Amino acid sequence: MTLDLRIFTEPQQGATYDDQLAVAQATEKLGFSAFFRSDHYLAMGGRDGLPGPTDSWITLAGLARETSTVRLGTLVSSATFRHPGVLAIQVAQVDQMSGGRVELGLGTGWFAAEHSAYGIPFPDKRFSILEEQLAIVTGLWGTPVGEKFSFSGEHYEIIDSPALPKPAQPKIPVLVGGGGPRRTPALAAQYGDEYNQSFPALDSIGPRIGVINKALADAGRAPESIVQSVALVAAVGQDEAEFTRRAAAIGREPAELREHGIAGTVTEVVDRLKALEAEGVQRVYLQVLDLADLDHLDVIAREVRPQLG
């Protein structure tokens, strides 16, 4: 299996729907397998975020009708933002609108400030909310047409739901991420089609894959039944000057990017990606922060990807 490269964006930092559409259509045209976006309502790192946030699932619904082959998803939706029944309906509908190209990444949520900024409750303990949401969303999708779905938990109660609508896909892939030592691996083993490490220390990636593989074995699943992925910032140049320019455009130091991301000249980036693949990584989400720089995607598609086999 060739290392799968996907494009991952952070629109809360300041992007219109049209900005995202341009990147998604370039992602498709250049042959990347997927366009993913974050699910946040507030800019980070001192950015003004103008013109303001865009909702992830409304955005993906639009993109579903303006693309035709690229897969679409969230990395990751926050369990605090939507009731699970509503989320199941939204994601299933976008899957229908896309002809079956949607994937759902779901996590606990972590950014307290965006919750207070928009009046969204932010409980101290959120992991059990995530657990119940995964059970409900997958349960609703998996209930045969004509049957009912019910659920009773600490946070949610579902009574005799018709469990409609159904996605276009027989099963929407579910992505689970997080760094917990025990509960997160167990959750990935129970519900995940993919396990993602977001911005990990590079030397922690291989050991974490081992933890997930053990959780899969404990659950009676084979290691190959889940996709192992990482999300890392990308800044690639055809030469040092181009790389330095791209680093400056996103407000990062070249040395720091080289240490923590998929960054540097084409040769350096190819070597980094091959090293990740040797650790057991099968998919890489390239965090693209300058959405106006579509040439960046072209360089990765034309110069980097062909060298990955």
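Before reading on, note that the structure itself is shown above.
Heads up: these notes are all about the structure in this document. Since this is a predicted model, take the numbers as computed values, not measurements.

**Notes on the pairing of strand E10 (residues 227–237)**
Of all 11 residues in E10, 11 are buried, a share of seventy percent or more. Taken together, the 5 bridges between strand E9 (residues 194–198) and E10 define a ladder with parallel strand orientation. Within E10, the position partnered with Gln-197 by the bridge is Val-230. Here E10 runs beside strand E11 (residues 262–265); their pairing, made up of 4 bridges, is parallel. Bridge pairing in E11 links Gly-237 to Thr-265.

**Observations concerning unusual backbone geometry**
A cis amide bond links Leu-50 with the next residue in sequence, Pro-51, at an omega value of 10 degrees. Here the bond from Leu-75 into Val-76 is cis, since omega is -15 degrees, no more than 30 degrees from zero. Locating Val-76 in the fold gives a position in the loop between strand E3 (71–74) and strand E4 (77–78). For Asp-160, which is not a glycine, the phi torsion comes out positive at approximately 50 degrees.

**So, the side chain of His-40**
Looking at the element boundaries, His-40 is found in the loop between strand E2 (34–37) and helix H2 (56–66). Given a relative accessible area of 10%, His-40 falls into the buried group. Side-chain polar atoms of His-40 contact the side chain of Glu-114, separated by 2.9 Å. If near-sequence neighbours (up to four positions away) are discounted, His-40 is found in contact with Glu-10, Gln-12, Pro-53, Thr-54, Phe-81, Trp-110, Phe-111 and Glu-114.

**Comments concerning the packing of aromatic side chains**
Applying the stated criterion across every chain, the model contains 5 aromatic pairs. Between Phe-8 and Phe-199, the aromatic rings sit 6.5 Å apart at their centres with planes inclined by 35 degrees, giving tilted as the arrangement. A residue pair is termed long-range when its members are at least 10 positions apart, and Phe-8 in strand E1 (residues 4–9) and Phe-199 in the loop between E9 and helix H7 (205–218) qualify at 191 residues. A cation over a ring is seen here: Arg-305 above Phe-32, with NZ or CZ 5.0 Å from the ring centre.

**Describing the side chain of Gln-228**
Position of Gln-228 among the secondary structure elements: in strand E10. A polar contact of 3.5 Å, which involves the side chain of Gln-228, links it to the side chain of Asn-213. Not counting the four nearest positions on each side in its chain, Gln-228 is found in contact with Tyr-195, Ile-209, Ile-212, Asn-213, Gly-280, Val-281, Gln-282 and Arg-283.

**Focus: the nonpolar core**
Leu-5, Leu-104, Trp-141, Leu-273, Leu-276 and Val-284 are the most contacted members of the largest nonpolar core, which has 76 residues in total. For this core, the leading source of residues is helix H5 (residues 127–142), giving 9 residues. Those residues within four positions of Leu-104 in sequence are excluded, and the remaining contacts are Trp-57, Thr-74, Ser-77, Leu-87, Val-91, Val-137, Trp-141, Ile-172, Pro-173, Val-174 and Leu-175.

**Some details on the pattern of salt bridges**
Side-chain pairs of opposite charge can arise where the charged atoms are in close proximity. Tallied over the full model, the rule gives 18 salt bridges. Across the pair Glu-194 and Arg-283 runs a salt bridge whose closest N-O atoms are separated by 2.6 Å. A residue pair is termed long-range when its members are at least 10 positions apart, and Glu-194 in strand E9 and Arg-283 in strand E12 (residues 283–288) qualify at 89 residues. In this structure Glu-194 comes out as buried when scored by relative accessible area, which is 3%. Since its relative accessible area comes to 11%, Arg-283 is described here as buried. The residue Glu-242 makes a salt bridge to Arg-245 at a minimum N-O spacing of 4.0 Å.

**Brief notes about the environment of Gly-49**
As for its position among the elements, Gly-49 is in the loop between E2 and H2. Separated by 37 residues in sequence, Gly-49 and Gln-12 place their C-alpha atoms 5.9 Å apart. Not counting chain neighbours up to four residues away, the residues in contact with Gly-49 comprise Gln-12, Gln-13, Gly-14 and Ala-43.

**Digging into the pairing of E12**
Two faces belong to every sheet, and in a regular strand the side chains alternate between them. Most of E12 sits inside the fold, with 6 of its 6 residues counted as buried. By the alternation rule, side chains of E12 split into Arg-283, Tyr-285 and Gln-287 and Val-284, Leu-286 and Val-288, which are all buried. Bridging between E1 and E12 involves 6 bridges; their strand directions are parallel. Bridging across to E12, Asp-4 finds its partner in Arg-283.

Procedures and definitions
- Residues numbered from 1 in each chain as written.
- Predicted model: local features only at pLDDT ≥ 70, side-chain atom pairs only at ≥ 80, totals over all residues.
- Heavy atoms only, no water.
- Buried < 20%, exposed > 50% of the residue type's maximum accessible area, 1.4 Å probe, protein only.
- Helix = DSSP H or I, 4+ residues; strand = E, 2+ residues; numbered from the N terminus.
- Pairing = 2+ DSSP bridges.
- Polar contact = N/O pair within 3.5 Å; in protein donor to acceptor, adjacent residues only side chain to side chain.
- Contact = heavy atoms within 4.5 Å.
- Phe/Tyr/Trp six-rings, centres within 6.5 Å; stacked < 30°, edge-to-face > 60°.
- Lys NZ or Arg CZ within 6 Å of the ring centre and 35° of its normal.
- Core = buried A, V, L, I, M, F, W, Y, C linked by side-chain atoms within 4.5 Å.
- Salt bridge = Lys/Arg side-chain N within 4 Å of Asp/Glu carboxyl O.

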